[in-house]
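Letter by letter, the chains look like this.
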Amino acid sequence: QAFVVYGANTDVGKTLACAAICYTAALRGTAVTYVKPVQTGLETDEFAVLRHCADATSGAQQVLAETLFQFASPESPATAARKEGAVVADNELQEALRQCLQRQQGAGDAMRGHLHVIETAGGPLTPAPSSTPQADVYAPLQLPCILIGDPRLGGISATI
């Protein structure tokens, strides 16, 4: 099982929500892989998720984490990729994600399946490295989505 996690705004707790999902699944004996297809900035959400899950997973199912593409500048993936002269086509990003999901699937065979938590770099309309909205890039994978709403004033309008 896999799902894609989007945020309704910047800094709404998307990584923390992903960590909580990974933590809970690991405690229940489910193999878990956290995937960040595109990371911008030098700090990685992968390490934050693993840090949050460290206490829960001693003696429980291990949480794996993988970042597929990373750009140094902490901004939109399209702008960060352009600054670095990187070209990541939509089909390249989709294929890298498919391969990651297939590679990690075997880790869950002996347990109760495998959960893949895929955290996007922003919201559904945030441009991927190709400048295509992320929702359009990930839609062909036909995965269910979770949208983390904005709890701040005006957040209901921003979320819908």
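Keep in mind it's a predicted model, so treat the numbers as computed, not measured.

Here is what the cut-offs are and how they apply
Residues numbered from 1 in each chain as written. Predicted model: local features only at pLDDT ≥ 70, side-chain atom pairs only at ≥ 80, totals over all residues. Heavy atoms only, no water. Pairing = 2+ DSSP bridges. Helix = DSSP H or I, 4+ residues; strand = E, 2+ residues; numbered from the N terminus. Axes fitted to C-alpha atoms, helices over the stretch in contact; angles between N-to-C directions. Contact = heavy atoms within 4.5 Å. Core = buried A, V, L, I, M, F, W, Y, C linked by side-chain atoms within 4.5 Å. Buried < 20%, exposed > 50% of the residue type's maximum accessible area, 1.4 Å probe, protein only.

Visitor: Teacher, can you tell me more about the sheet that holds strand β4 (residues 114–119) here?
Guide: What links the strands of a sheet is backbone hydrogen bonding, and the strands pair in either a parallel or an antiparallel sense. With parallel pairing, the 5 strands of this open sheet are ordered in space as β3-β2-β4-β1-β5. Among the strands making up the open sheet, the edge pair consists of β3 (63–71) and β5 (145–148). Across the sheet, the mean angle separating the axes of adjacent strands is 20° when strand polarity is ignored. Here 5 bridges tie strand β2 (residues 31–40) to β4, and the two strands are oriented parallel to one another. By the bridge assignment for β4, valine 32 is matched with leucine 115. In the packing of helix α1 (residues 14–27) onto the sheet, the strands contacted are β1 (2–7), β2, β3, β4 and β5, and the crossing angle to β4 comes to about 175°.

Visitor: Please clarify how the nonpolar core should be interpreted in this entry.
Guide: Generally speaking, soluble globular proteins have nonpolar side chains that are buried together. The biggest cluster of nonpolar side chains holds 22 residues, and the ones touching the most others in it are Leu68, Phe69, Phe71, Leu93, Leu97, Ile118 and Tyr138. When contributions to this core are tallied by element, the ones reaching two or more residues are β1, β2, β3, α3 (77–84), α4 (90–105) and α5 (134–138). Top element by residues in this core is α4. It accounts for 5 residues. Val5, Cys18, Cys22 and Val49 belong to the second largest nonpolar core, which has 16 residues in total.

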